[in-house]
Amino acid sequence: MRDALEAREALRGLAYATRHPPNRIEAYQTLESLHWAASALQTTLEQMAEAYRGYAGTDTLVGGDAAAGAKESNKIGSRLNKASRNMRRAAELLTEAWNLDGHTDHVTSPPPGRTAWQFPVPPPSPPPSSRPSPSRPGAPSADRGGLGL
């Protein structure tokens, strides 16, 4: 089936593209895409399981034996159902991760010479012309509550 081959190639490309961490916006978009892809894959697995159960009792043979062919088709359908249940759980976990990431804030990279955990650099001192002038010797000082401050 052509769509299955295209999906396989697309997922291989995605695996290759995510070898290096994407930026936060791309990561969020990737989680969104994976959420929808996992949901679609879960549906596909359910449909394939149903198809294999339908193959039981047809001309599916194992070593020329129709009964063994039916048993094998049912076993394949059972495995696909199990894969579908696991994919449903994977889709739920992807949805949780996507929703959690939707509640986080994106910040840009720190400027050169700083790491993300460092506090912001304090603002520069005002230029000398805008600084208040120190009080002159002998001039009355402001009342600071008698604390000598």
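The paragraphs below set out a description of the structure included in this document.

Rules used in this analysis
Residues numbered from 1 in each chain as written. Predicted model: local features only at pLDDT ≥ 70, side-chain atom pairs only at ≥ 80, totals over all residues. Heavy atoms only, no water. Helix = DSSP H or I, 4+ residues; strand = E, 2+ residues; numbered from the N terminus. Areas by Shrake-Rupley, 256 points an atom, 1.4 Å probe, with all protein chains shown as cover. Salt bridge = Lys/Arg side-chain N within 4 Å of Asp/Glu carboxyl O. Buried < 20%, exposed > 50% of the residue type's maximum accessible area, 1.4 Å probe, protein only. Polar contact = N/O pair within 3.5 Å; in protein donor to acceptor, adjacent residues only side chain to side chain. Contact = heavy atoms within 4.5 Å. 1 Å grid on protein atoms, 1.4 Å probe; cavity = no way out; pocket = protein on both sides within 12 Å on 5 of 7 lines; lining within 4 Å. Points joined across faces, edges and corners; volume = space filled by probe spheres on them. Nonpolar A, V, L, I, M, F, W, Y, C, P; charged D, E, K, R; others polar. Axes fitted to C-alpha atoms, helices over the stretch in contact; angles between N-to-C directions. Parallel < 35°, antiparallel > 145°, perpendicular 65-115°, else oblique. Left-handed = near helix turned anticlockwise from the far one by under 90°. Core = buried A, V, L, I, M, F, W, Y, C linked by side-chain atoms within 4.5 Å. Expected span 1.5 Å × (residues − 1).

A closer look at the overall build of the protein
Moving on, step 1. Across its full length, the protein carries 3 helices and 0 strands.
Moving on, step 2. Element order for the protein, N to C, with α for helix and β for strand: α-α-α.
Moving on, step 3. Accessible surface, the protein as shown: approximately 12100 Å² in total, 60% of it carbon and sulfur.

Here we look at the pattern of salt bridges
Moving on, step 1. One pass over the structure, following the stated rule, counts 7 salt bridges.
Moving on, step 2. Across the pair Glu9 and Arg12 runs a salt bridge, and its minimum N-O distance is 3.7 Å. Of this pair, Glu9 and Arg12 both sit in helix H1 (residues 2-17), 3 residues apart, which is roughly one turn of that helix.
Moving on, step 3. Exposure remark for Glu9: the relative accessible area of 41% places this residue in the partly exposed category.
Moving on, step 4. With relative accessibility at 56%, the residue Arg12 sits in the exposed group.
Moving on, step 5. Glu50 is the partner of Arg53 in a salt bridge, and the nearest nitrogen-oxygen pair spans 2.7 Å.

Topic: the side chain of Asp101
Moving on, step 1. Residue position: Asp101 is located in helix H3 (residues 66-102).
Moving on, step 2. Separated by 2.4 Å, the side chains of Asp101 and Arg24 make a polar contact.
Moving on, step 3. Other than its neighbours up to four places away in sequence, Asp101 contacts Arg24, Tyr28 and Leu31.

A word on the layout of surface pockets
Moving on, step 1. Each pocket or cavity is described by its volume, and for the largest pocket that value is around 430 Å³.
Moving on, step 2. Considering the residues around the largest pocket, the lining is formed by 15 residues, among which Ala7, Arg8, Leu11, Ala37 and Leu41 are closest to the centre.
Moving on, step 3. Counting only elements with at least two residues in the lining of the largest pocket, the list comes to H1 and helix H2 (24-55).
Moving on, step 4. The dominant element in the lining of the largest pocket, judged by the number of residues it contributes, is H2, at 7 residues.
Moving on, step 5. When its residues are assigned to classes, the lining of the largest pocket shows 11 nonpolar, 2 polar and 2 charged.

Section: the packing of H2 against H3
Moving on, step 1. Where H2 contacts H3, the two axes come as close as 8 Å, and the packing angle between them is 160°. The orientation of H2 relative to H3 falls into the category roughly antiparallel. Between H2 and H3 the crossing geometry is left-handed.
Moving on, step 2. Classifying every residue of the contact of H2 with H3 gives 19 nonpolar, 10 polar and 6 charged.

Some details on the nonpolar core
Moving on, step 1. With 6 residues, the main nonpolar core is built from Ala38, Leu45, Ala49, Leu80, Met87 and Ala91.
Moving on, step 2. At the level of secondary structure, the elements contributing two or more residues to this core comprise H2 and H3.

Looking at H3
Moving on, step 1. Taking 1.5 Å of rise per residue, 37 residues should cover 54 Å, and H3 covers 53 Å from first to last C-alpha, within 8% of that figure.
Moving on, step 2. Packed against the buried residues of H3 are H2.

Looking at H2
One turn of the α-helix equals 3.6 residues, which is why residues spaced by three or four share an orientation.
Moving on, step 1. When the terminal C-alpha atoms of H2 are compared, their 46 Å separation across 32 residues agrees well with the 46 Å that a helix rising 1.5 Å per residue should span.
Moving on, step 2. Those residues of H2 that sit buried are His35, Ala38, Gln42, Leu45 and Ala49.
Moving on, step 3. Buried residues belonging to H2 abut H3.
Moving on, step 4. Where H2 starts, the residue carrying a side-chain oxygen 3.0 Å from the main-chain nitrogen of Ile25 turns out to be Asn23.

This is a description of form; function is not addressed.
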